[in-house]
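# Inside the fold
Each chain, written out:
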Amino acid sequence: MNALNRVPSLMARAGTASALTLAAVGGSVVAPGFAPEAAAATPATKALQVAASKKGSPYKWGATGPKRFDCSGLTLYSYKKAGKTLPRTAAAQYNKTRHISAKSRKAGDLVFFHSGSNVYHVGIYAGKGKIWHAPKTGDVVRLQKIWTKSVWYGRVK
């Protein structure tokens, strides 16, 4: 039984014990919204959370946040908040990432939409074939299913 599973029984035994008392008897304190150290957020996971938190923000060409975004502005902003630096445009971001296969993609990786060798759009992979992105003028930041097979994946270094 790990420490997380013991918390309810330890708390029942300790009554209204303080966090220090609970820790002293071998328990751990779990606060909502905080991951245990072993599952601490990576920059990719943090960037994904930041992008998701911008749901509904209006698209504006050339905007890099915090209230309006274009596609690469959203990825730049999200990764900056996660402690990573990306270039400004989707194509430059593609050139700065480690290119990976669709099979090895993970949540937080960047998804680059292309026509031939021209990268024209970017989003952050959310898992299950979906991305967070700022689609186009008149739209808002949202979660959407990847709509084409003409995508490449990149992992921020």
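Details of the structure are given in the entry above.
Rules used throughout
- Residues numbered from 1 in each chain as written.
- Predicted model: local features only at pLDDT ≥ 70, side-chain atom pairs only at ≥ 80, totals over all residues.
- Heavy atoms only, no water.
- Helix = DSSP H or I, 4+ residues; strand = E, 2+ residues; numbered from the N terminus.
- Buried < 20%, exposed > 50% of the residue type's maximum accessible area, 1.4 Å probe, protein only.
- Polar contact = N/O pair within 3.5 Å; in protein donor to acceptor, adjacent residues only side chain to side chain.
- Salt bridge = Lys/Arg side-chain N within 4 Å of Asp/Glu carboxyl O.
- Pairing = 2+ DSSP bridges.
- Axes fitted to C-alpha atoms, helices over the stretch in contact; angles between N-to-C directions.
- Contact = heavy atoms within 4.5 Å.
- Parallel < 35°, antiparallel > 145°, perpendicular 65-115°, else oblique.
- Left-handed = near helix turned anticlockwise from the far one by under 90°.
- Nonpolar A, V, L, I, M, F, W, Y, C, P; charged D, E, K, R; others polar.

All right, on to the environment of Ser53 then. In this fold, Ser53 is placed in helix 3 (residues 43-53). For Ser53, a relative accessible area of 54% puts it in the exposed group. Put simply, Ser53 and Trp132 are 79 residues apart on the chain and 10.0 Å apart in space, counted from C-alpha to C-alpha. Looking at Ser53, its side chain comes within polar contact range of the main-chain oxygen of Val50, at 2.6 Å.

In this section: the pattern of salt bridges. By the definition in use, this model includes three salt bridges. Across the salt bridge formed by Arg155 and Asp109, the nearest N and O atoms sit 2.8 Å from each other. Of the two residues, Arg155 sits in strand 6 (residues 151-155) while Asp109 sits in the loop between strand 1 (98-100) and strand 2 (110-115), which places them 46 residues apart along the sequence. In terms of burial, Arg155 and Asp109 fall into one category: buried. Of the charged contacts, one joins Asp139 and Arg142 as a salt bridge, the two residues approaching to 3.0 Å between their closest N and O atoms.

Overall, antiparallel pairing links the six strands, which are arranged 1-6-2-3-4-5 in an open sheet. Across the chains shown, the open sheet's two edge strands, defined by having one partner strand only, are strand 1 and strand 5 (142-145). Going from strand to strand, the sheet's axes swing by 45° on average, the running direction of each strand aside. Here strand 2 runs beside strand 3 (residues 118-127); their pairing, made up of six bridges, is antiparallel. In the strand pairing of strand 3, Leu110 is matched with Ile124. With respect to the sheet, helix 3 is in contact with strand 3 and strand 4 (130-133), its orientation differing from that of strand 3 by roughly 100°. On the sheet, helix 4 (residues 71-81) packs against strand 2, strand 3 and strand 4 and is oriented at approximately 45° with respect to strand 3.

Turning next to the packing of helix 3 against helix 4. To describe two helices that pack against each other, one gives the angle between their axes and the distance between the axes. Interhelical geometry of helix 3 versus helix 4 gives an angle of 125° and a closest axis separation of 8 Å. Classified by the angle their axes make, helix 3 and helix 4 are oblique. As for the relative orientation of helix 3 and helix 4, their crossing is right-handed in sense. When helix 3 is examined against helix 4, the residues Pro43, Ala44, Lys46, Ala47, Val50 and Ala51 are found in contact with a partner set consisting of Leu74, Tyr77, Ser78, Tyr79 and Lys81. Its residues placed into classes, the contact of helix 3 with helix 4 shows eight nonpolar, one polar and two charged.

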